[in-house]
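# Structural overview
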Amino acid sequence: MNLKRYFSIYAALWKNSVTRETMFKGNFLLWIIVECLWFGLQLTFISVLYLHTDNIGSWTKWQVVMLVGASHFIQQIFQAFFLVNCTNLSELVRTGKLDFLMLLPINTRFIVSFRQVDLGAFVNAVSGVAVITYAAHRLHFVPAIPHIFAFLGLCIAGILIHYSLMFLLATISFWTVRAQGIVWGYYNLFNIARLPDDAFQGVFRYVFTFAIPMLLVSNVPARVLTNKLEHFYSILLLLGMAAACFAISEIGWRASLRRYTSASS
Amino acid sequence: MKKYRHVLNIGIQNSLTYRFNFLARSLFGLIPLMAMIFVWRTIYRGNADTKGTLMVGAYTFAEMVSYYLLTTIVDALTAVNEDDWQIAADIKDGNISQFLLKPIDYLWYRFCLFLSGRVTYLAVAVVPLAIFISCLHNYFVPPHDLAALGLFLFSVMLTAMLQFFMSYTMAMLAFWVLEVSTFIFILFAFEYLASGHLFPLDILPAWLERALYFTPFPYQLYFPISIYMGKTTGNELIHGLIIQFGWVCATYALARFAWNRGIKKYESVGG
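Calculation criteria
- Residues numbered from 1 in each chain as written.
- Chains lettered and ligands numbered in written order.
- Predicted model: local features only at pLDDT ≥ 70, side-chain atom pairs only at ≥ 80, totals over all residues.
- Helix = DSSP H or I, 4+ residues; strand = E, 2+ residues; numbered from the N terminus.
- Rg over C-alpha atoms; globule rule 2.2 N^0.38 Å.
- Buried ≥ 20, exposed ≤ 12 C-beta atoms within 10 Å, placed from the backbone.
- Axes fitted to C-alpha atoms, helices over the stretch in contact; angles between N-to-C directions.
- Left-handed = near helix turned anticlockwise from the far one by under 90°.
- Contact = placed C-beta atoms within 7 Å.
- Nonpolar A, V, L, I, M, F, W, Y, C, P; charged D, E, K, R; others polar.
- Core = buried A, V, L, I, M, F, W, Y, C linked by C-beta atoms within 7 Å.
- pLDDT = per-residue confidence, 0-100.

## Concerning the overall build of chain B
- Each helix and strand in chain B was counted, giving eleven helices and zero strands.
- What you see in chain B, going N to C, is helices and strands ordered as α-α-α-α-α-α-α-α-α-α-α.
- On C-alpha atoms alone, chain B measures out to a radius of gyration of 20 Å, which is about the 18 Å that the 2.2 N^0.38 rule sets for 271 residues.
- If one aligns the C-alpha atoms of chain B with their principal axes, the spans along those axes are about 70 × 40 × 35 Å.
- Each of the 271 residues in chain B was classed as buried or not, and the buried ones make up 37%.

Right, here's the structure in full:
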């Protein structure tokens, strides 16, 4: 019953987002072009690197292309559901608009996290899938159905990590109003997620695996899809880190909410 | 001139309130930089093992690391921060009306704010950047010679002007379209690749590198660094500086032209 109510609320939010997008059709298309350009840029970077080498660690060219595609897919789905909502949180706190959302008879985190949907990002996610498919073709590799399901499941875990960490950073805005810069700073870390994990060593690798698990988010799904998973435990690690990140972000959210004093109007 | 000095002063005080943001930005910026160095290290090691070569294009590993460190330095000195967004917002919100009445030129006013933003950013970012570079000092090659260092700094100055005039021109689009951010991002994408942010341009196939030199992009980052590293010397250097100066003049003229056209449109709509 409760779940059904949340579904109908979310359906209404979707309808709102569709209406919003149809108001600025030209802009909608331009943003898709922008995202395609940046995606092309990353692929160009990879091709230039592979002009000068055959391997990065154990990763061959088309495996890395697949990794970049998977990373783009995960990032775009994250963007579709969560990015705008995370970056807007500091604005809600600064202007005191959060009051109205807290008064609604639903879970506040739910409404804050799901308020807007970025429809263009779904279109961009398709370009990620296209690149993954082409890379699989170049690798002469036909993934089996279980592979694909495992890949999608791990993508969800990756998206959960991105969402939890970015949401946690966004709650900093309860403590200082200038949190928006930090939230965008996290966006920089997406750059790491699409690089092959073999390249990293030492403290850097440790930090970005166990503290901020950027090197798991898309590397593990891509490894599953290209059949180059070395240890089964990295799957468990990704799932475990996703659960841990979500739990920590919930604790952070509750602690921050207690500090909320609204804005003097 | 005195009034512009005041603008500089106010600009510095304004951007000082963002010092925390600047610090966060420069710290976060170091992470992708580190990642890039790791990736190149893996490539150099792999090449040494399989091909027995220690070079990528004309770069040793130390030179490659220096290249990326220099891009960070030049970026800190010249990158446009939020100036283009603010200019576009000023036009959209009608804030520029007051500048039409005041005896102050909007372009130079914004240029002063841009400079003060850079000065403040540099003051904040210099500490983390210096620590980072000193950790990597084994890989940081000194300038080719003293003249190269001087010409590098001169070229960086031109780069800053080129960056600003280009962004200013882009922001002028706000006279005609509601949302300029998409256009700014499209230009930025080309700039990111063609100016040498992602990799030094001379590791590209030669024909592509030559083609890029017909655009202003290499002069926004790659060119000054190539002077520092002694990759551009002699006649080529003089030529390059003249072309860079030409691009500065051209973008300045374009910025003025776009403003004049925009103002006509603005007045005809203005209420």
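More follows now that the structure is in view.
## Some words on the packing of helix α2 (residues 19-50) of chain B against helix α6 (residues 106-135) of chain B
Residue and element names in this part refer to chain B.
- As a packed pair, α2 and α6 sit with axes 9 Å apart at the nearest point and diverge in direction by 35°. The handedness of the crossing between α2 and α6 comes out as right-handed. For the pair α2 and α6, the contacting residues are Arg-19, Phe-22, Leu-23, Ser-26, Leu-27 and Leu-30 in the first and Thr-120, Tyr-121, Val-124, Ala-125, Pro-128, Leu-129 and Phe-132 in the second.
- Of the residues contributing to the contact of α2 with α6, the split by class is ten nonpolar, two polar and one charged.

## Examining the interface of chain B and chain A
- Chain B puts 30 residues into the contact, and the matching count from chain A is 31 residues.
- With 17 residues, the single largest contributor to the side of chain B that touches chain A is α2(B).
- Considered class by class, the residues forming the side of chain B that touches chain A number 20 nonpolar, eight polar and two charged.

## Some thoughts on the nonpolar core
- Core analysis: the biggest nonpolar cluster contains 114 residues, and A:Met66, A:Ala70, A:Ile74, A:Ile161, A:Met166, B:Ala171 and B:Ile225 have the highest contact counts within it.
- Element by element, the count of residues in this core is highest for helix α3 (residues 61-95) of chain A, at 17 residues.
- B:Ala171 has contacts with B:Asp84, B:Ile87, B:Ala88 and B:Val180, leaving out every residue within four places of it along the chain.
- Listed in part, the five residues of the second largest apolar core include B:Tyr121, B:Val124, B:Ala125 and B:Leu129.

## Some words on the environment of A:Phe246
Residues and elements named next belong to chain A.
- Examined against the element boundaries, Phe-246 turns out to sit in helix α13 (residues 233-257).
- Under the C-beta neighbour-count criterion, Phe-246 is labelled partly exposed, with 18 such atoms within 10 Å.
- When the C-alpha atoms of Phe-246 and Leu-154 are compared, they prove to be 15 Å apart, with 92 residues separating the residues in sequence.
- With near-sequence residues (within four places) excluded, Phe-246 lies in contact with Leu-160 and Ser-164.

## Observations concerning the confidence of the model for chain B
- Of the residues in chain B, 98% reach a pLDDT of 70 or more, and the chain-wide mean stands at 90.
- With a pTM of 0.90, the predicted complex shows an ipTM of 0.88.

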